[in-house]
Protein chains: 2
Amino acid sequence: MNFNAQSLPQSGRRAIAGCLLLVAAFAPAPVAWAETTGQPQQQEQQVENFLLSNGMEVVVIPDHRAPIVTHMVWYKIGSADEPAGKSGIAHFFEHLMFKGTSTHEAGEFGRKIAEIGGSENAFTSYDYTAYYQQVSPEALETMMSFEADRMRNLILTDQVIGPERDVILEERRARVDGNPEALLSEEVQATLYQNHPYRIPVIGWMHEMEKLNRDDAVAFYDRYYAPNNAILVVAGDVEPATVRTLAEKTYGDVPRGPDLPPRVRPQEPEQNTKRTVTMTDERVSIPSVSRNWVTPSYTSAENGEAEALDLLSEILGGGTRSRLYQELVVKNRIAAGTGAYFSGTMLDSSSFTVYGAPHGAEGLEKVEAAIEAEIARIISGGVTDAELDAAKDRFVRSMIFARDNQSSMANIYGQTLATGGTVEDVQEWPDRIRAVTADQVQAVAAKYLKPDVAVTGYLLPEETARN
Amino acid sequence: MNFNAQSLPQSGRRAIAGCLLLVAAFAPAPVAWAETTGQPQQQEQQVENFLLSNGMEVVVIPDHRAPIVTHMVWYKIGSADEPAGKSGIAHFFEHLMFKGTSTHEAGEFGRKIAEIGGSENAFTSYDYTAYYQQVSPEALETMMSFEADRMRNLILTDQVIGPERDVILEERRARVDGNPEALLSEEVQATLYQNHPYRIPVIGWMHEMEKLNRDDAVAFYDRYYAPNNAILVVAGDVEPATVRTLAEKTYGDVPRGPDLPPRVRPQEPEQNTKRTVTMTDERVSIPSVSRNWVTPSYTSAENGEAEALDLLSEILGGGTRSRLYQELVVKNRIAAGTGAYFSGTMLDSSSFTVYGAPHGAEGLEKVEAAIEAEIARIISGGVTDAELDAAKDRFVRSMIFARDNQSSMANIYGQTLATGGTVEDVQEWPDRIRAVTADQVQAVAAKYLKPDVAVTGYLLPEETARN
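Residues numbered from 1 in each chain as written. Chains lettered and ligands numbered in written order. Predicted model: local features only at pLDDT ≥ 70, side-chain atom pairs only at ≥ 80, totals over all residues. Heavy atoms only, no water.

What follows deals with the interface of chain A and chain B. Taken together, the 29 residues of chain A in the interface contact 29 residues of chain B. Together, the buried faces of chain A and chain B total about 2300 Å²; carbon and sulfur atoms form 48% of this surface. Contact with chain B buries surface across chain A, with A:Glu187, A:Gln194 and A:Asn272 losing the most and accounting together for 23% of the total. Summed over the shared surface of chain A and chain B, the number is zero salt bridges. Linking chain A with chain B are 17 residue pairs in polar contact (both at pLDDT 80 or more), by the criterion used here. Sorting the residues of the side of chain A that touches chain B by element identifies helix H7 (180-192), helix H8 (206-209) and strand S8 (274-281) of chain A as the ones contributing at least two each. If you tally residues by element for the side of chain A that touches chain B, the top one is S8(A), at six residues. Residues that form the side of chain A that touches chain B fall into these classes: eleven nonpolar, eleven polar and seven charged. (Contact = heavy atoms within 4.5 Å. Buried area = accessible area lost by both parts, 1.4 Å probe. Salt bridge = Lys/Arg side-chain N within 4 Å of Asp/Glu carboxyl O. Polar contact = N/O pair within 3.5 Å; in protein donor to acceptor, adjacent residues only side chain to side chain. Helix = DSSP H or I, 4+ residues; strand = E, 2+ residues; numbered from the N terminus. Nonpolar A, V, L, I, M, F, W, Y, C, P; charged D, E, K, R; others polar.)

Residues and elements named next belong to chain B. You can see threonine 124 is positioned in strand S5 (residues 119-124). Residue classification places threonine 124 among the buried residues on the basis of a relative accessible area of 0%. Here glutamate 94 takes part through its side chain, which lies 2.4 Å from a polar atom of the side chain of threonine 124. (Buried < 20%, exposed > 50% of the residue type's maximum accessible area, 1.4 Å probe, protein only.)

Residue and element names in this part refer to chain A. Spanning 13 residues, helix H5 (residues 140-152) covers 19 Å between terminal C-alpha atoms, matching the ideal 18 Å at 1.5 Å per step. By the burial criterion, the buried members of H5 are Leu140, Met143, Met144, Phe146, Glu147, Ala148, Asp149, Arg150 and Met151. Of the surrounding secondary structure, the elements contacted by the buried residues of H5 are strand S4 (69-75), helix H4 (108-115), strand S6 (129-135), helix H9 (214-224), strand S7 (230-236) and helix H10 (240-249). (Expected span 1.5 Å × (residues − 1).)

Our next topic: unusual backbone geometry. Residues and elements named next belong to chain A. With a phi angle near 55 degrees, asparagine 303 is a residue other than glycine that sits in the positive phi range. You can call asparagine 303 exposed: its relative accessible area is 69%. Backbone geometry places arginine 333, a non-glycine residue, at a positive phi of 50 degrees. Along the polypeptide, arginine 333 turns up in the loop between helix H12 (323-331) and strand S10 (335-342).

Right, let's get into the UniProt feature "domain: Peptidase M16 C-terminal" (unreviewed entry) in chain A. Under the UniProt annotation, the feature "domain: Peptidase M16 C-terminal" (unreviewed entry) is placed at residues 211-394 of chain A. Split by type, residues 211-394 of chain A is 39% helix and 22% strand. Its first and last C-alpha atoms lie 47 Å apart. (UniProt positions renumbered as here; feature names shortened; annotations may be inferred.)

Take chain A, turn it by 180 degrees, move it 0.0 Å along the axis, and it overlays chain B with an RMSD of 0.0 Å. What the superposition gives is, in effect, a two-fold axis relating one chain to the other. Taken together, the interface assignments show that 100% of the residues at the interface of chain A recur at the interface of chain B, consistent with an identical surface on both copies. (Least-squares fit on C-alpha atoms with pLDDT ≥ 70 in both.)

On to the pattern of salt bridges, then. Tallied over the entire structure, the rule returns 54 salt bridges over all chains. Residue A:Glu307 pairs with A:Arg432 through a salt bridge whose shortest N-O separation is 2.7 Å. One end of the pair, A:Glu307, is in helix H11 (residues 305-317); the other, A:Arg432, is in helix H16 (residues 423-434), and 125 residues separate them in sequence. Among the residues examined, A:Glu307 registers a relative accessible area of 5% and is labelled buried. With a relative accessible area of 29%, A:Arg432 lands in the partly exposed category. Measuring nitrogen to oxygen at the nearest pair gives 2.8 Å for the salt bridge that ties B:Asp348 to B:Arg265. Taken as a pair, B:Asp348 in the loop between strand S10 (335-342) and strand S11 (350-358) and B:Arg265 in the loop between helix H10 (240-250) and strand S8 (274-281) lie far apart in primary sequence, 83 residues in all.

Okay, the domain arrangement of chain A next. Residues and elements named next belong to chain A. According to the domain assignment, chain A consists of domain 1 (48-251) and domain 2 (275-461). The distance between the C-alpha centroids of domain 1 and domain 2 comes to 28 Å. The partner domain 2 presents 34 residues to the 38 residues of domain 1 that form the contact. For the pair domain 1 and domain 2, the summed buried surface comes to about 2800 Å²; carbon and sulfur atoms form 68% of the total. Taken together, the connections running from domain 1 to domain 2 amount to one salt bridge. Counting the contacts that link domain 1 with domain 2 gives eleven residue pairs in polar contact (both at pLDDT 80 or more). (Domains from an automatic or database assignment.)

Moving on to the side chain of B:Arg265. Residue and element names in this part refer to chain B. Residue classification places arginine 265 among the buried residues on the basis of a relative accessible area of 5%. A polar contact of 2.9 Å, which involves the side chain of arginine 265, links it to the side chain of aspartate 81. If we skip the residues at most four places from it in the chain, arginine 265 touches Ala80, Asp81, Tyr126, Asp127, His196, Pro197, Tyr198, Leu347 and Asp348.

Printed below as a string of structure tokens:
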């Protein structure tokens, strides 16, 4: 029951209001590509993708290395689809999905999973809400049966709604209001996006969460929780034909929901200003800075720009081999941490972030100037082919790790399909990454990382602010 | 055919994204109060307020000093009520109201007004859209007849919509995109409001305006243009009984529209950060700074806070007697212009703004520091009773001028009623202003003008930015 908008980046000092999982997990695909890397690989079948008669999309990723299956249902509904003034309802609903149905009492599903030694989770993001179990293959039908049941049979009474609303309010207090990084992150996001609902936090604004009620929950459930708005992803030790049979037997009984209009959200206007957002708090001990820009996503980008932004983030700030880390941490020893990330798997626009925190008594402005200099150096001088090849190789290695993990694979397909992509997009992605040129990386840096439209977040200890 | 969100403040260097008219014109009411000021006053009848049988509200403000009437229709629909992604439709619709109906061809209404020597206008703001004519009393019925006709009988074809959309796009290009002050103002507003639709410009975002179409216009017209969502305000040389008869004869024939839900918009969350918005442009010759805060409005405030904010703006920055002007312009000669304003007549929250521009070669940071010092001085030391009394007197004088102007009076009643107020609110307002204490002024300054949640806008010439 997480909402994945408050996850923390690797060594970063601030929370990101993006979908971190996406950055870490967007990954590779299958066979054809893996062969070209020359990596050892296990026998794999092709990914299969089909529709049930009620409109539910199904993706099966066979993986017979171990007797385990990952079962996920992705709903194409996230916080950016919420009605105005109802922020938090998508995440609230994720909580309510763990309540009782007309068939099973609250907690029965979870107890069943625990009994058979499985694990489960759920998460809400801007563009989707997903539910997940990992169990042995013989339990797959039971999981499907429980999941199909709660797709339509939840009992949503005030007795259920009220106490669970207290839970999400407490979750916000603990994870956001009690956390200066998270509070800053929310307002950076609200400043970065001037029009798009990505500006609204996934967990919701407190004053709106407090008013979420049974009517809101029922309307949300009836509109969005239906097989024709869902994607079933099954990865693991199971045959596609078996999945199809089980899915028709369980989910196939759930009637279609309303035909939903296209997911058209308000888009960003042209931005014309440089903005800063500063949070000063006594709980902060080390200052930090982040610089953010609106960019295209994999869904909205054209001409390989998203792939180039991914590689730019890798070269500029992806781990210890990156330019930022080498210059600021290793060589000049002015930063304790620095990096960059690009959250490309979004239905609409996305964002690019660079961050840093000073080492020891170094000033934050020195770190910020060094970050600016590294960005300017890429814009003016570009990247070398050697750097680009190394970045592609690092990507490839991280993908191999992701691919080796069954739930990562299920995640990648689910995220991609829930944000407007296709199975083919996942499979062709490594080739598209390989096709990116150094000129393209330089071009996206120049086009999107413009100083005069950047939004910079500062997290400061009390004493710094008093100077 | 103006939208009044881009008006310019008195001597200010920047456009305001507020309803300037409101600040300048919110004013006084009638008889009882005017008597206490000892000003000469003409014979006046009481303001009358009643409903037509179809739900249209009517306000009549008799004023027999000259043979003239001001006829206004206020629709309780503004840009903050627009559907998501349809920004600009309220203002666009204001333009469409000048097109042909099934009874009168396009331009006929305007020609009629010109023929009889009258004048007309219309404007759109966050909370309302209003149409206005000033004519001789014998033409009132004709005006009502034309206005009632276009309330329901517009012909909205693609042939009408397309060319008028080009007009509003050109209006945006000329008034906003070609004007750095206006562009900055838009992004300051979008940063100041993190959740409320007041963050979206009244004229609309260009990319959304470009897509406004016939379906949008028809849906908007059918939902909002109806007598039960409108207020008729007639001021001038006419008897209330006559207005009632004419109104029933014209507007009374227009059928009720749909019952609309309460105008509940997303409200602001608690704000926790200090923000800046910087626009650098070669067209700017003198830099300027504005500091902005979200505050309550007359509609949302409790305990006289809106009245206290009005007086605070007057003492701090209302004209040449204000603290800011006296300190920065007269005494220290560091500013070419400075002032403050509070836009209190809003349906939801409002905002308070302080601004300044340097004199000669003085630095902007000096002006900004001096503004901060004046605010801090009020927060720590309050205002004197003498200052407060003088501010109340200046208010009173400006109100007398407003009151002396028939269309100002019509404006005041229309704005107040369209933003949730009543005729009594207008009439009791001077007494409520008089009741404000120096402690209350100090209290609202301390409560709302907090440095750590301020949004500061900077408009800079190119060379300043390069330093």
